[in-house]
Protein chains: 2
Amino acid sequence: MSSRSSGENAREIPEATVARLPVYLRALTGLTEGGIATCSSEELAAAAGVNSAKLRKDLSYLGSYGTRGVGYDVEYLTYQIAREIGVTQDWPVVIVGIGNLGHALANYSGFRSRGFRVVALLDADPARAGEEVAGIAVRPFDELEQIVADHAVAIGVIATPAAAAQSVADRMVASGISSILNFAPSVLAVPAGVDVRKVDLSIELQILAYHEQRKAAVEAVAATDAAPLAPGGVS
Amino acid sequence: MSSRSSGENAREIPEATVARLPVYLRALTGLTEGGIATCSSEELAAAAGVNSAKLRKDLSYLGSYGTRGVGYDVEYLTYQIAREIGVTQDWPVVIVGIGNLGHALANYSGFRSRGFRVVALLDADPARAGEEVAGIAVRPFDELEQIVADHAVAIGVIATPAAAAQSVADRMVASGISSILNFAPSVLAVPAGVDVRKVDLSIELQILAYHEQRKAAVEAVAATDAAPLAPGGVS
DNA sequence: TAGATTGTTAATCGATTAACAATC
DNA sequence: TAGATTGTTAATCGATTAACAATC
């Protein structure tokens, strides 16, 4: 996109592929734990829950790390994907908002195992400061700038109520954080160059509810159709 | 897809649109709280964080609920979207696995406000039974079938460790649950007709890490290009 | 009527998938 | 060599977007 010569960073990996790479990484970890040293695209795809054509296409954006007629070396492919995602590095992270969800996040083992290191837990309530969660001291939100500078934090997690989320994001951005994972149910406005990803538990449930409702509707129609004459109602 | 005549349920709403409807619903709630009774697609799109063409296209799958030259009635549109998603109904939900995350989910207020009612908290550890979380008693996992039957539960939430997730899912499906929200980091195998959505905190962070790494790489290239002068104040 | 804004069209873009040539 | 499996091509499908006619 930039006018810069496209040597080095030419390999533009599609977003949909980027989102699946961590899934492949997890599937590979599972294979390793099962003592499997080599796998075919078919096997890895099954473990990851995608079809094999998609898997091969995705991997082709990274390079050619398989062997035709043989498959992929699990350890080698694991390393290549981890490197591509960037989880071979250490990523210092701060979590802001130590309510129920903040607690759960601080205790979440899946972070540490992937290079994410929680360097600080921050809460706006001064009464919380001094508490310890998952072996990490809770500190006042005002120390954000200092902590980000000290630990070169690039990623922040927001687990505050919706009302506080935007101002927390503003402070994060001002302090130098450029990637935010937002659990608060609010749309964040951030400058270009800052990435925000949003996890919204209620939205996921609503998507399920929509499909659930549809299943029920289809069953109702089927029952009606099965009736002797069925006044065949179009809406 | 079925051979059934396509009257009633003809309005196939694209998945991408379904995933955004809850976002619009939340934005509309925000407008209502701000005392706004009417909005244009431009305003609602801004509140939801999408562009207005996409919003209008999405809404067009539901019907024509706006007025040309005027915009949308906030209350009316809210109702229509809520009805389409299905959150005007009551959705009984069970949560299995009452660790840190299960606690957070049980306490999450966003569920109740959208028609989701947590009817039971289940944990495999018998020692947990009798505990109370968010005013709901924790019960033994073995009571699952009974509870699903008693409350006509269609949606289950899995917040167990990865190792337990598949067997919990199997039991859920056997007991009649047909939609599962899975927080455990594992790929679930379920029969056709059962919907699974997955929320994986570590995967979200890894996607951020990938982009973060890329930003750093671009800055490094820029700094190199600029080398002779200015060791480069990139933001 | 003149101005505003929706709902829809059509073009574009990106993602998925099946099929298969390349090659171990 | 024969069998297996990758990496890539090309067709298809679905999602996004700009533009604008319809219409309040």
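Because the structure is a prediction, the values reported are computed rather than measured.

Rules used throughout
Residues numbered from 1 in each chain as written. Chains lettered and ligands numbered in written order. Predicted model: local features only at pLDDT ≥ 70, side-chain atom pairs only at ≥ 80, totals over all residues. Heavy atoms only, no water. UniProt positions renumbered as here; feature names shortened; annotations may be inferred. Helix = DSSP H or I, 4+ residues; strand = E, 2+ residues; numbered from the N terminus. Contact = heavy atoms within 4.5 Å. Buried area = accessible area lost by both parts, 1.4 Å probe. Salt bridge = Lys/Arg side-chain N within 4 Å of Asp/Glu carboxyl O. Polar contact = N/O pair within 3.5 Å; in protein donor to acceptor, adjacent residues only side chain to side chain. Near = heavy atom within 4 Å. Least-squares fit on C-alpha atoms with pLDDT ≥ 70 in both. Buried < 20%, exposed > 50% of the residue type's maximum accessible area, 1.4 Å probe, protein only.

Engineer: Which residues make up the UniProt feature "domain: CoA-binding" (unreviewed entry) in chain A, and what are the values?
Structural biologist: The sites that carry the UniProt feature "domain: CoA-binding" (unreviewed entry) are, in the present numbering, residues 86-187 of chain A. Helix and strand shares over residues 86-187 of chain A are 33% and 28% respectively, and the end C-alpha atoms of the span are 27 Å apart.

Engineer: Give me the lowdown on the interface of chain A and chain B, citing residues and values where you can.
Structural biologist: Chain A puts 73 residues into the contact, and the matching count from chain B is 71 residues. For the pair chain A and chain B, the two sides together bury roughly 6,300 Å², of which 62% comes from carbon and sulfur. Three residues stand out in chain A for area buried against chain B, namely A:Leu205, A:Gln206 and A:Leu208, and they jointly supply 11% of the buried area on that side. Viewed at the interface, chain B and chain A are joined by eight salt bridges. At the junction of chain A and chain B, the tally comes to 21 residue pairs in polar contact (both at pLDDT 80 or more). For the side of chain A that touches chain B, the element with the most residues is helix H9 (residues 201-226) of chain A, which contributes 20 residues.

Engineer: Any chance you could break down the protein's contact with DNA strand C for me, citing the residues and the numbers?
Structural biologist: Inspection of the region around DNA strand C gives 26 residues, with A:Arg20, A:Arg68, B:Ser41, B:Gly66 and B:Tyr72 positioned closest. Near the protein, meaning within 4 Å, the atoms of DNA strand C are sugar or phosphate in a fraction of 66%, with bases accounting for the rest. At a separation of 2.9 Å, a base nitrogen of DNA strand C approaches a polar side-chain atom of A:Arg68. In this structure, a phosphate oxygen belonging to DNA strand C sits 2.8 Å away from a side-chain N or O atom of B:Tyr72. For the surface near DNA strand C, the secondary-structure elements that each account for two or more residues are helix H1 (15-33) and helix H3 (52-60) of chain A together with helix H3 (52-60), strand E2 (66-67) and strand E3 (71-73) of chain B.

Engineer: Quick one: what's the story with the relation of the copies chain A and chain B, residue by residue and with numbers?
Structural biologist: Under the fitted operation, chain A is carried onto chain B by 0.0 Å of movement along the axis and a turn of 180 degrees, and the coordinates agree to an RMSD of 0.0 Å. With respect to symmetry, the two chain copies, as superposed, fit the operation of a two-fold axis.

Engineer: Help me get a handle on the pattern of salt bridges, residues and values and all.
Structural biologist: Enumeration according to the criterion identifies 24 salt bridges over all chains in this entry. Across the salt bridge formed by A:Asp200 and B:Arg26, the nearest N and O atoms sit 2.0 Å from each other. You can see A:Asp200 sitting in the loop between strand E10 (195-198) and H9 and its partner B:Arg26 sitting in helix H1 (residues 15-33), one on each of two chains. In this structure B:Arg26 comes out as partly exposed when scored by relative accessible area, which is 24%. Note that A:Glu204 and B:Arg197 form a salt bridge whose closest N and O atoms lie 2.6 Å from each other. Here B:Arg197 lies in strand E10 (residues 195-198) and A:Glu204 lies in helix H9, a pairing that spans two chains. According to the relative accessible area criterion, B:Arg197 is partly exposed, its value standing at 24%.

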